Amino acid sequence: RQKSRTFSYITKSLFINGIFGDEGGDAFTGYEIAVAPGLVRLARHQNNYVNLVDAPAEVAIGDTVKLEAVLKGAEIAVSVNGKELIRYVDEAPVLEGKLGLRAYGTGMKASCVTLNGEAVVLPEEKEHEQVSSMWLPYRTEAAEGEFRLEKGGYNGSQEQIISCSSGEIGVYNRGLNRSGMYFAADKDYNGYLYISAVRPVRVTVSLRNADCSVVYASETFTARGGWKKYAFTLVPDAEEINGSFLVSVSDGEAKLGYAFLEMGEWGRYKGLHVRRDVGEGLEKMGINLLRFGGCMANAEEYLWKKMTGEPEDRVPYRGWWYPYSSFGFGILEFIELCEKLGVACVPDFNGYETEEDMRDFVRYALGTDENDEWVQLRLQSSHPQPYQLEYIQFGNEETVDEAFADRFIAACRGVWSVAPQITMVVGDFDYNRHPFDDPWDIPPECTAKGLPNLNPHKRMMDYAMEAGQNGKVWFDIHWWSEHGTTPLPFPECAWNFHKQLGVVTPGTKSKIV
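Note that the structure is a prediction, hence the values are computed from the model and not measured.

1. Some points on the overall build of the chain
Across its full length, the chain carries seven helices and 25 strands. Scaling as 2.2 N^0.38, a compact globule of 513 residues should have a C-alpha radius of gyration of about 24 Å, and the chain matches this with 26 Å. Expressed along its principal axes, the backbone C-alpha trace of the chain runs to roughly 75 × 70 × 40 Å. Across the 513 residues of the chain, 46% fall into the buried class. The contacts in the chain between residues at least 6 apart in sequence include a share of 62% that link residues at least 24 apart. Accessible area of the chain: about 25800 Å², with a carbon and sulfur share of 50%. Across the chain, 51 positive and 73 negative side-chain charges occur, with their mean positions spaced 2 Å apart.

2. A closer look at the packing of aromatic side chains
Applying the stated criterion to the full structure yields 29 aromatic pairs. Seen in terms of ring centroids, Tyr-154 and Trp-227 are 6.1 Å apart; in terms of plane orientation they differ by 65°. Their pairing is edge-to-face. One end of the pair, Tyr-154, is in the loop between β12 (144-151) and β13 (158-166); the other, Trp-227, is in strand β17 (residues 215-234), with 73 residues separating them in the sequence. With 5.4 Å between their ring centres and 55° between their planes, Trp-304 and Trp-374 make a pair best called tilted. Note that Trp-304 is positioned in the loop between β20 (289-292) and α2 (331-341) and Trp-374 in helix α4 (residues 373-380), a separation of 70 residues in sequence. Ring pairs connect the aromatic residues Tyr-154, Tyr-192, Tyr-194, Trp-227, Tyr-258 and Phe-260, which therefore count as one cluster. Between Lys-229 and the ring centre of Tyr-192, over which it is positioned, the NZ or CZ distance is 4.1 Å. Positioned above the aromatic ring of Tyr-352, the side-chain terminus of Arg-407 is 3.9 Å from the ring centre.

3. Observations regarding the environment of Lys-187
Inspection of the secondary structure assignment puts Lys-187 in the loop between β15 (181-183) and β16 (189-208). Through-space distance from the C-alpha of Lys-187 to that of Ala-231 is 17 Å; in sequence the pair is 44 residues apart. Those residues within four positions of Lys-187 in sequence are excluded, and the remaining contacts are Leu-234, Val-235, Pro-236 and Trp-266.

4. Digging into the sheet that holds strand β6 (residues 75-80)
Ordered by their spatial adjacency, three strands build an open sheet running β5-β6-β7, and the pairing between neighbours is antiparallel. This sheet does not close on itself; its edge strands, each paired only once, are β5 (67-72) and β7 (83-89). Ignoring strand direction, the axes of neighbouring strands in this sheet form an average angle of 15°. In this sheet, β7 lies alongside β6 in antiparallel orientation, the contact comprising six bridges. Counterpart to Val-80 in the pairing with β7 is Lys-83.

5. Describing the pairing of β6
Most of β6 sits inside the fold, with five of its six residues counted as buried. Across six bridges, β5 lies against β6 in antiparallel orientation. In the sheet register, Ala-69 faces β6, and the bridge partner there is Val-78. Counting the residues between successive antiparallel strands, the hairpin from β5 to β6 contains two residues, one of them, Gly-73, with a positive phi of roughly 65°. The turn joining β6 and β7, which pair antiparallel and follow one another in sequence, is formed by two residues; a positive phi near 55° is taken by Asn-81.

6. Observations regarding helix α5 (residues 402-416)
If you check α5, its first and last C-alpha atoms are 21 Å apart, about what 15 residues at 1.5 Å a residue would give, namely 21 Å. Burial of α5 is extensive: eleven of the 15 residues sit out of reach of the surface. Every buried residue of α5 is accounted for by Phe-404, Ala-405, Arg-407, Phe-408, Ile-409, Ala-410, Ala-411, Cys-412, Gly-414, Val-415 and Trp-416. Those residues of α5 that are buried lie in contact with α3 (355-366), β22 (391-394), β23 (423-426), α6 (455-466) and β24 (473-475). For α5, the side-chain oxygen to backbone nitrogen distance between the N-cap and Ala-403 is 3.3 Å, and the N-cap itself is Asp-401.

7. Details of the sheet that holds β22
One open sheet holds the six strands; their spatial order is β20-β21-β22-β23-β24-β25, and the pairing between them is parallel. The open sheet has two free edges, formed respectively by β20 and β25 (511-512), since each of these has just one partner strand. Strand direction decides the pairing type here: β24 and β25, joined by two bridges, are parallel. When the sheet's bridge partners are listed, Trp-474 is paired in β25 with Lys-511. Contacts from α5 reach β22, β23 and β24 within the one sheet, and its direction differs from that of β23 by about 160°.

8. A few points about α6
For α6, with twelve residues, the first-to-last C-alpha span of 16 Å sits near the 16 Å given by 1.5 Å per residue. Among all positions of α6, only Pro-456, His-457, Met-460, Met-461, Tyr-463 and Ala-464 are buried. Viewed along the axis of α6, the buried residues span an arc of 155°, placing them on a single side of the element. Buried positions along α6 lie against α5, β23, β24 and α7 (490-504). Directly after α6, the chain includes Gly-468, whose backbone phi takes a positive value near 80°.

9. Considerations on the pattern of salt bridges
Two side chains with opposite charge may pair up if their charged atoms get near one another. Across all of its chains, the model carries 28 salt bridges by this definition. The closest approach of N and O atoms between Glu-398 and Arg-407, which form a salt bridge, is 4.0 Å. You'll find Glu-398 and Arg-407 in the same group, each marked buried. Shared partners join several salt bridges into a network, and the residues in it are Lys-305, Asp-357, Asp-360, Arg-363 and Asp-372.

10. Description of the nonpolar core
By size, the foremost hydrophobic cluster in this structure holds 65 residues, and its most contacted members are Phe-361 and Ile-392. Sorting elements by how many residues they give to this core places α5 first, with eight residues. Not counting chain neighbours up to four residues away, the residues in contact with Ile-392 comprise Pro-347, Phe-349, Met-358, Phe-361, Val-362, Val-415, Ile-422, Thr-423, Met-424 and Val-425. Counting residues in each nonpolar core, the second largest holds 31 residues, with Phe-147, Met-181, Leu-207 and Leu-256 among its members.

11. Details of a nonpolar patch on the surface
A cluster of nonpolar residues, Met-134, Leu-176, Trp-321 and Tyr-322, forms a patch on the protein surface that exposes about 430 Å² of accessible area. Locating Tyr-322 in the fold gives a position in the loop between β20 and α2.

Cut-offs used in this document
- Residues numbered from 1 in each chain as written.
- Predicted model: local features only at pLDDT ≥ 70, side-chain atom pairs only at ≥ 80, totals over all residues.
- Heavy atoms only, no water.
- Helix = DSSP H or I, 4+ residues; strand = E, 2+ residues; numbered from the N terminus.
- Rg over C-alpha atoms; globule rule 2.2 N^0.38 Å.
- Buried < 20%, exposed > 50% of the residue type's maximum accessible area, 1.4 Å probe, protein only.
- Contact = heavy atoms within 4.5 Å.
- Areas by Shrake-Rupley, 256 points an atom, 1.4 Å probe, with all protein chains shown as cover.
- Lys, Arg positive; Asp, Glu negative; His and termini not counted.
- Charge placed at Lys NZ, Arg CZ, Asp CG, Glu CD.
- Phe/Tyr/Trp six-rings, centres within 6.5 Å; stacked < 30°, edge-to-face > 60°.
- Lys NZ or Arg CZ within 6 Å of the ring centre and 35° of its normal.
- Pairing = 2+ DSSP bridges.
- Axes fitted to C-alpha atoms, helices over the stretch in contact; angles between N-to-C directions.
- Expected span 1.5 Å × (residues − 1).
- Polar contact = N/O pair within 3.5 Å; in protein donor to acceptor, adjacent residues only side chain to side chain.
- Arc of directions from axis to C-beta.
- Salt bridge = Lys/Arg side-chain N within 4 Å of Asp/Glu carboxyl O.
- Core = buried A, V, L, I, M, F, W, Y, C linked by side-chain atoms within 4.5 Å.
- Patch = residues over 30% accessible without salt bridge, like charges linked within 9 Å, V, L, I, M, F, W, Y side chains within 5 Å.

What follows is the structure, given as structure tokens:
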């Protein structure tokens, strides 16, 4: 299903004046022109992502699209199928660089590419081995075998099959954005694999350098039968700052379903599955509140009930940033981290969670009746005491219209029916453009979503008044600071927005955060 809320990972993009650096979706400086169903977008990257302007476009999946960009100094014009749809002047233009193409979360074929009137010769398409996209293939010299991806797997939509008839072949992981893993010498690293093998097969796990030519630690075991969990401990004999984790097979076939690797107790924060340096770094920052959410919470399957149980048993989902995402660290792990840090937590929930789902979450998190099925589930997860929870955010960067107000009010009913002390936070968006004087007739240029009025906000605060909350609904608005020499007037707009909330609902105790 194609929805505007999933635009970010269903795009076909032309990059212009690109200065490319390390691996990663945003690791370059330049412009991106992207087409997606019904839309064309101009964005700028400076090792980040800034959306400059969108325009409607007659584009559908499967269409052949003529995409044209003309740069004249700071001015950029974008045409789709011969019709100019965007003309934009950049305050801080990128004036030179290279040309690039990519598909993000979809397939694409490109042809007839020209640059300044001259044809661009595209490299021939290579036949890719069937290796899971977050992993890389490995073969010893003269090894024979193959990689296959098939539907199914231990708990997800696909499984990695490695078949080896001679030598050794496998797959290796390089960590986030394939930037390499750090291994400390003489320290233990613990992990486990879920493997299925029709016949007994030798499987080796090892910690290696960037290209897997140097082995620092390894363990070999025989896998046999249906899906089983195989635990291991690896102790590297030397330090490596750019390492890889390799799973390899020799003389047989194995199906890989789930892989996990972490530091031993020495490198974990207070017994959690969280890096110790990250936890201690947060302590040193002196923070007193953390929010967990963002665009990832906008994915359709980002639902809290999918985050319960053991991480390896949680079904992967189509994420906002990657087609395959896992719930290895979810809302419950976040709350536990905040408890260990001694700070307040604000878990962000998908803006389509139902009233029943939100009620069930509060029963799970704060309930004390051991006959309650949700309290029993928490007890099974080894957290006997209720969680420390004061705030819940609903949605992220939402279009706060009447439909969202309906869903937010329903979520409040669910939460407050169990825990009226919880402060509910609206996942609002952007009021940074210009202050507005009339909350009942807002000029479209004053908000990112073009909201016509604050009636949905009034309804949410009024409901909080009726529910005995004194209108205490908080609004999470976002401040953009990437606009060159003329940053948006956030402080002025923020205070004006807060003032207008008081106009539509006098006496409200609402805050902007």
